[in-house]
Amino acid sequence: MAALADPSMRLPDGLATALERVAGLHPECDLADPGTPSATVAVLRQRHAVLDYLVLADSPVVLEEAEGGHTVITDLRVDDVLPELRAEVESHETHTPGHRDALQRLVLAQRLVRNTPDGYWVAGANLEAAQHCLTGSVELRDVRSAAVMSDGVSRLVTEYKTATWGEIFATLRAEGPRGLIEAVRKTEATDPTGRRWPRYKSGDDATVAFCQW
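Residues numbered from 1 in each chain as written. Predicted model: local features only at pLDDT ≥ 70, side-chain atom pairs only at ≥ 80, totals over all residues. Heavy atoms only, no water.

Peer 1: Looking at this structure, I do not really get the side chain of serine 202. What am I missing?
Peer 2: On the secondary structure map, serine 202 appears in the loop between helix H5 (165-189) and strand E7 (208-212). In terms of polar contacts, serine 202 uses its side chain to reach the backbone carbonyl oxygen of proline 192, at 2.7 Å. In this view, serine 202 contacts Thr94, His95, Tyr160, Glu188 and Pro192; residues no more than four positions away in its chain are not counted. (Helix = DSSP H or I, 4+ residues; strand = E, 2+ residues; numbered from the N terminus. Polar contact = N/O pair within 3.5 Å; in protein donor to acceptor, adjacent residues only side chain to side chain. Contact = heavy atoms within 4.5 Å.)

Right, dumping it as structure tokens:
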């Protein structure tokens, strides 16, 4: 937040500064280890009459356009990595030994290609990841509202297909982020073992920031 408070700071540069600061807090850790914690990033910044956005990995920024329609900015490069192992994970119901074993194999394999040109990019100790974000800007006058969310929420539309983006924004206006997250959990509760919607775990982290002008 501090790095991006300067409106002249490019979002990728601000993210790189943040990653460098966090890494600097852990001088005794082996940050080159493939298992070093990492995270997706989704940023929306208002800069005068312009909205800047940055997405790294699969936490999307969704813009509700002033004239109707929605623009979804998301980074799905991870979906193209290790498709055979991903399919194996999804072939098992969650909370089963087969699912746990397949997921462990996938996670270990992903670590070897994470933040490399042959794999995908996420925010971690490697500052280069910040230069592989999807970025852009839109005129504020063209946007009615926006939502920044983790993929644990966007899957209502993208994976479960139980809602449209229009319905997502209607819920946000009527019930706020809490209401939308409750809708996610209620949907997942109807399929706790992943039989209808194969997935890594019953429910993923669900976070939403809702912006209106």
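Text resumes after the structure shown.
Peer 1: Got a minute to help me understand the sheet that holds strand E5 (residues 134-139) in this structure?
Peer 2: Strand pairing in a sheet takes place through backbone hydrogen bonds and is either antiparallel or parallel in direction. With respect to topology, three strands assemble into an open sheet ordered E1-E2-E5, the strand pairing being antiparallel. Each edge of the open sheet carries a strand with a single partner, namely strand E1 (41-47) and E5. Each strand of the sheet is rotated relative to its neighbour by a mean of 15°, with strand direction disregarded. Sheet topology note: the E1/strand E2 (residues 50-56) ladder contains seven bridges and is antiparallel. Considered in E2, the bridge of alanine 42 is made with valine 55. (Pairing = 2+ DSSP bridges. Axes fitted to C-alpha atoms, helices over the stretch in contact; angles between N-to-C directions.)

Peer 1: Help me understand helix H3 (residues 97-113) in this model?
Peer 2: In an α-helix, one turn spans 3.6 residues, which is why side chains three or four residues apart end up on the same side. With 17 residues, H3 should cover 24 Å at 1.5 Å per step; its first-to-last C-alpha distance of 25 Å lies within 8% of that length. What H3 keeps buried is the set His99, Ala102, Leu106, Ala109, Gln110 and Val113. Buried residues of H3, viewed axially, fall in a sector of 105°; they line one side. Among the exposed residues of H3, those oriented more than 90 degrees off its buried face are Pro97 and Leu112. Where H3 is buried, its residues touch helix H2 (83-90). The positive-phi residue at the C-terminal boundary of H3 is asparagine 115, with phi of around 55°. (Expected span 1.5 Å × (residues − 1). Buried < 20%, exposed > 50% of the residue type's maximum accessible area, 1.4 Å probe, protein only. Arc of directions from axis to C-beta.)

Remember that the coordinates give geometry; whether it matters functionally is a separate question.
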